[in-house]
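Given next are the chains, with one letter for each unit.
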Amino acid sequence: MSELVPAVRVRGVTKTFSTGGISTVALAGVDLDVAAGELLMLVGPSGCGKTTLISIIAGILDQNAGSVTVFGHDLKTLSAGQRTAFRCRHIGFVFQAYNLLPSLTAAENVSIPAILNGMTHRQALIKAGELLDRVGLGDRRQSRPTQLSGGQQQRVAIARALIHDPPLIVCDEPTSALDHRSGEQVMDLLRTVAGGGGSSASGQDRALVVVTHDARIFSYADRIARMDDGRITALEQPPERSS
Ligand SMILES: Nc1ncnc2c1ncn2[C@@H]1O[C@H](COP(=O)(O)OP(=O)(O)OP(=O)(O)O)[C@@H](O)[C@H]1O
Ligand SMILES: [Mg+2]
């Protein structure tokens with residue numbers, strides 16, 4: 001029987017930032033697997049390396065040493081153009097700072113990855129509207145980011161990460177600006193997207209990596225990876241979901 005290749009495989013990854021003669025070790029040797037259909041949460045104190053790790057997984061940053069494969073592809077071996085194309089098709093990323101384009105409406109922001117993947121503007125805007133409905137923003141499609149609260153912008157960013165149906169979704173603190181009810185709505189959506197039953201349009205389960213400090217959402221995880229000082233220190237089962 002052949003070994004099942006995980007959606008994400010991280011081995012011995014290190015990353016040191018050097019700025020102004022000061023070196024900061026952000027990752028000191030990380031090993032991690034994320035399976036298709038799995039929602040893995042990454043938790044740990046501020047500065048422990050969570051954003052750095054998911055940025056490397058998503059091909060936004062390069063590691064110094066070690067390897068990362070996403071669906072069997074080593075992003076470091078791809079040319080810049082190939083890597084951009086791979087990310088565009090396969091990865092949805094929710095940035096800690098949302099990174100919405102200020103001149104576009106909420107629906108236009110959400111539609112961008114779908115258009116980049118070949119959908120017509122019209123179809124993309126329809127799908128964007130449906131996703132905005134699902135994150136509770138159906139009535140804010142025409143609003144621009146400056147007209148939205150932080151929590152509303154965060155939900156637009158989440159809708160944008162899902163619209164092109166990517167098999168890997170990486171979210172940096174997706175509920176940090178949300179109240180309890182909106183946080184649960186977003187996590188219900190992400191949980192559905194992760195599948196565990198072939199719920200994606202492609203019929204395949206997706207892999208999700210969710211960085212969070214929010215203990216209220218831990219129960220949505222399949223596994224929790226604890227980080228400290230640039231290392232994974234524990235892999236745990238989540239607490240039971242109260243119904
Ligand atoms: N571009 C950069 N240049 C220099 N140092 C950086 C850079 N990005 C991150 N670091 C440092 O690397 C370490 C890990 O940062 P990272 O952003 O990954 O932490 P984090 O776990 O996401 O923290 P938080 O919970 O506050 O978002 C920190 O010490 C940070 O100061
Ligand atoms: Mg961070």
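You'll find the structure just up there.
Residues numbered from 1 in each chain as written. Chains lettered and ligands numbered in written order. Predicted model: local features only at pLDDT ≥ 70, side-chain atom pairs only at ≥ 80, totals over all residues.

**Q** How do you make sense of the overall build of the protein chain when you look at a structure like this?
**A** The helix and strand inventory of the protein chain stands at six helices and 10 strands. By the compact-globule yardstick of 18 Å for 243 residues, the protein chain fits well, its C-alpha radius of gyration being 18 Å. Taken over the C-alpha atoms alone, the protein chain extends approximately 50 × 45 × 45 Å along its principal axes. When the 243 residues of the protein chain are sorted by exposure, 42% land in the buried category. Long-range pairs, those at least 24 residues apart, make up 68% of the contacts in the protein chain with a sequence separation of at least 6. (Helix = DSSP H or I, 4+ residues; strand = E, 2+ residues; numbered from the N terminus. Rg over C-alpha atoms; globule rule 2.2 N^0.38 Å. Buried ≥ 20, exposed ≤ 12 C-beta atoms within 10 Å, placed from the backbone. Contact = placed C-beta atoms within 7 Å.)

**Q** Would you mind going over the sheet that holds strand 5 (residues 73–74) with me for this structure?
**A** Strand pairing in a sheet relies on backbone hydrogen bonds, with the paired strands running either antiparallel or parallel. Spatially, 2-1-4-5 is the arrangement adopted by the four strands of the open sheet, whose pairing is antiparallel. Either end of the sheet is taken by a strand with one partner, and the two such strands are strand 2 (22–34) and strand 5. Of the strand pairs in this sheet, strand 1 (residues 8–19) and strand 2 are connected by 10 bridges, and their pairing is antiparallel. For lysine 15, the partnering residue across the bridge sits in strand 2 and is leucine 27. (Pairing = 2+ DSSP bridges.)

**Q** What is the right way to read the sheet that holds strand 8 (residues 207–211) from this model?
**A** Across the sheet, which stays open at both edges, the six strands sit in the order 6-7-8-3-9-10 with mixed pairing between neighbours. The sheet is open, and its two edges are formed by strand 6 (91–94) and strand 10 (231–236), each paired on a single side. Strand-to-strand twist in this sheet, taken as the mean axis angle between neighbours without regard to direction, amounts to 15°. Sheet analysis places strand 6 next to strand 7 (residues 168–172), joined by four bridges and oriented parallel. Residue pairing for strand 7: isoleucine 91 is matched across the bridge by leucine 168. (Axes fitted to C-alpha atoms, helices over the stretch in contact; angles between N-to-C directions.)

**Q** Where do I start with helix 4 (residues 121–134) in this structure?
**A** Each turn of an α-helix holds 3.6 residues, which means side chains three or four residues apart point in the same direction. If you check helix 4, its first and last C-alpha atoms are 20 Å apart, about what 14 residues at 1.5 Å a residue would give, namely 20 Å. Next to the buried residues of helix 4 lie helix 3 (106–116) and helix 5 (150–162). At the C-terminal side of helix 4, glycine 136 shows a positive phi close to 80°. (Expected span 1.5 Å × (residues − 1).)

**Q** Can you walk me through the site of ligand 1 in this structure?
**A** Every residue near ligand 1 is listed here: Phe17, Thr19, Thr24, Ala26, Ser46, Gly47, Cys48, Gly49, Lys50, Thr51, Thr52 and Gln96. Within the residue set of the shell around ligand 1, elements represented by two or more residues are strand 1, strand 2 and helix 1 (50–57). Per element, the largest residue contribution to the shell around ligand 1 is three residues, and it comes from helix 1. The class makeup of the residues in the shell around ligand 1 is three nonpolar, eight polar and one charged. (Near = placed C-beta within 6 Å. Nonpolar A, V, L, I, M, F, W, Y, C, P; charged D, E, K, R; others polar.)

**Q** Got a minute to help me understand the nonpolar core in this structure?
**A** Burial of nonpolar side chains together is a common tendency in soluble globular proteins. With 68 residues, the main nonpolar core has Leu42, Ile57, Ala159 and Val170 as its most contacted residues. With six residues, helix 5 is the largest single contributor of residues to this core. (Core = buried A, V, L, I, M, F, W, Y, C linked by C-beta atoms within 7 Å.)

**Q** Teacher, can you tell me more about the environment of threonine 84 here?
**A** Checked against the element boundaries, threonine 84 lands in helix 2 (residues 80–90). Residue threonine 84 is classed as partly exposed on the basis of its 13 C-beta neighbours within 10 Å. Distance in space between the C-alpha atoms of threonine 84 and isoleucine 60 is 9.2 Å, their sequence separation being 24 residues.

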